[in-house]
Amino acid sequence: MRIVVLAGGIGGARFLRGLKRAAPDADITVIGNTGDDIHLFGLKVCPDLDTVMYTLGGGIDEERGWGRTDESFRLKEELAAYGVGPGWFGLGDRDFATHIVRTQMLAAGYPLSAVTQALCERWQPGVRLIPMTDDRVETHVAVTLPDGDPAAGPSAGSGAGENPPDSAPGSAAGSASGSGTRRAIHFQEYWVRLRASVPAEAVVPVGAEQAKPAPGVLEAIAAADVILFPPSNPVVSIGTILSVPGIREAIAEAGMPVVGLSPIVGDAPVRGMADKVLAAVGVESTARAVAEHYGSGLLDGWLVDTVDAAAVEHVEEAGIRCRAVPLMMTGIDATARMAREAIALAEEVQAV
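This report concerns the structure included in the present document. Position numbers for residues start from 1 in each chain and track the written sequence from start to end. Local features in a predicted model are, by the rule used here, given only for residues with pLDDT of at least 70; side-chain atom pairs are given and counted only at 80 or more, and totals for whole chains, interfaces and linings are based on all residues. As a rule here, side-chain values come from all non-hydrogen atoms in the structure, and water together with hydrogens is ignored.

**Some thoughts on helix H1 (residues 10-22)**
What counts is decided by this rule: Secondary structure elements follow DSSP: runs of H or I no shorter than four residues count as helices, runs of E no shorter than two count as strands, and numbering proceeds from the N terminus. A helix is expected to span 1.5 Å multiplied by its residue count minus one. Residue contacts are defined here by distance: any two heavy atoms, one from each residue, within 4.5 Å place the two residues in contact.
Between its first and last C-alpha atoms H1 spans 18 Å; for 13 residues at 1.5 Å apiece the expected length is 18 Å, and the two agree. Where H1 is buried, its residues meet strand S1 (2-7), strand S2 (27-32), helix H2 (47-57), strand S10 (226-229), strand S11 (258-261) and helix H13 (332-351).

What follows is the structure, encoded as structure tokens:
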């Protein structure tokens, strides 16, 4: 069986670990989100790609869900001693090595897809990991920052590092708006520094409209038997992947079953702050609303948690086959059961 998975960071990576156990003989291709990518200290950092690579390769910090195990932060401390920031993004010493190698290879002319393949040679994740695009795409969030916030000043950057792309359309970056300043900041700054403490007014994958799918992405979709949307963020993870021209269309037209697993359980995100960015795109934080956000033109099947069983009828009325099963990734066995349920639903859809 050939399975394609669209994956963000922690949720996607942990689901993939369960999927590998559930379908050990499957040929799995992962299309990874690169909208979270950021330039820091002159280095290209790809948080979601690295989280998948480290998690499946046995190098992830299990407690945090990101970064390397047995990590130290001496280099970060030394940079802070020189007054070099940002200090809010935690790059560990071991993690720095990955970003140095990636940046050197990119500077030598290798595309991100080739660099990712080379990095995976060390980690052997057991899946084929492809970035959604080799082009630069960065997710920005329009927010109103309170007066006095360092990023609200006219000299504040977007958090993206070297020459960030233009601000999000309509963001009026840098303009005062009464109680604060409206700016477009990098998603990492919104998520990590601000902890989504202010409302997200718009979410824009800057550069996506001009991007092309990375080599192998469309081919993998066309050859797949099943496509899965794990319980990753539907706006800034899977949504960003789908924003690259050609990817959504290829999935919708390919003819194989597409099954998603809800990242919302009991009207709240299982992990993180997905409700904040869902609100920015006008979607309620419910399993039903997220399914309808993807739509029957894209999804064939949708799994909700048992606590959201009442949503099943409504999702099916929207033209999407739906089942209620336990969706909490409490361990690899529970996650493998989720993956089996997703595959079973795909087979059920295919048989109709």
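**Re the pattern of salt bridges**
Condition: What makes a salt bridge here is a side-chain nitrogen of Lys or Arg within 4 Å of a carboxyl oxygen of Asp or Glu, nothing more. Using a 1.4 Å probe on the protein chains alone, a residue whose accessible area is under 20% of its type maximum counts as buried, one over 50% counts as exposed, and one in between counts as partly exposed.
This model, assessed by the stated rule, comprises 13 salt bridges. One salt bridge connects Arg 102 with Asp 50, and the closest N-O pair in it is separated by 2.4 Å. Separated by 52 residues along the polypeptide, Arg 102 in helix H4 (residues 93-107) and Asp 50 in helix H2 bring together distant segments of the chain. For the residue pair Arg 102 and Asp 50, the accessibility class agrees, reading buried in each case. Arg 323 is the salt-bridge partner of Glu 348, the closest N and O atoms lying 2.4 Å from each other. With Glu 348 in helix H13 and Arg 323 in strand S15 (residues 321-324), the pair connects residues that are 25 residues apart, well separated along the chain. When salt bridges with common partners are traced through the structure, they connect Glu 316, Arg 321, Arg 323 and Glu 348 into a single cluster.

**Examining the side chain of Glu 71**
So the rule is basically this: None of His or the chain ends enter the tally, which takes Lys and Arg as positive and Asp and Glu as negative. Any pair of nitrogen or oxygen atoms within 3.5 Å is treated as a polar contact; in protein, a donor-acceptor pairing is required on top of that, and neighbouring residues in sequence qualify only through side-chain atoms on both sides.
As for its placement among the helices and strands, Glu 71 is situated in the loop between H2 and helix H3 (74-81). No salt bridge forms around the buried Glu 71; measuring N to O, its nearest opposite-charge neighbour Arg 94 is 5.1 Å away. A distance of 3.1 Å separates the side chain of Glu 71 from the backbone nitrogen of Asp 93, its partner in a polar contact. At 3.1 Å, the side chain of Glu 71 forms a polar contact with the backbone nitrogen of Asp 95.

**Side note on the environment of Val 352**
Inspection of the secondary structure assignment puts Val 352 in the segment after H13. Residue classification places Val 352 among the exposed positions, given a relative accessible area of 73%.

**A look at the sheet that holds S11**
Formally: Being paired, for any two strands, means DSSP has found at least two bridges between them. Throughout, an axis means a line fitted to C-alpha atoms (over the contacting stretch in the case of helices), and angles, computed between N-to-C directions, take values from 0 to 180 degrees.
Spatially, the seven strands line up as an open sheet ordered S5-S2-S1-S10-S11-S14-S15, and their pairing is parallel. Bordering the open sheet on either side are strand S5 (128-131) and S15, each of which pairs with just one other strand. When the angles between neighbouring strand axes are averaged without regard to direction, this sheet yields 20°. Two strands pair when backbone bridges link them, and strand S14 (residues 301-304) and S15 are joined in this way by four bridges, in the parallel orientation. Residue pairing for S15: Trp 302 is matched across the bridge by Cys 322.

**A short note on the pairing of S14**
Here is the key point about a regular strand: its side chains alternate between the two faces of the sheet. This is how the line gets drawn: A right-handed crossover is one whose linking path, passing over the helix from the first strand to the second, runs clockwise when the strands point away from the viewer.
Residues Gly 301 and Leu 303 line one face of S14 and the alternating positions Trp 302 and Val 304 line the opposite face, and both faces are buried. Inspection of the sheet shows S11 paired to S14 by three bridges, in the parallel sense. Bridge assignment links Val 259 to a residue of S14, and that residue is Gly 301. Chirality of the crossover, the property in question, places the unit of S14, helix H12 (residues 311-317) and S15 among those that are right-handed.

**A look at unusual backbone geometry**
The linkage connecting Gly 85 with the following residue, Pro 86, adopts the cis geometry, with an omega of 10°. Even without glycine at this site, Phe 41 takes up a positive phi of about 55°. Its location among the elements puts Phe 41 in the loop between strand S3 (38-40) and strand S4 (43-45).

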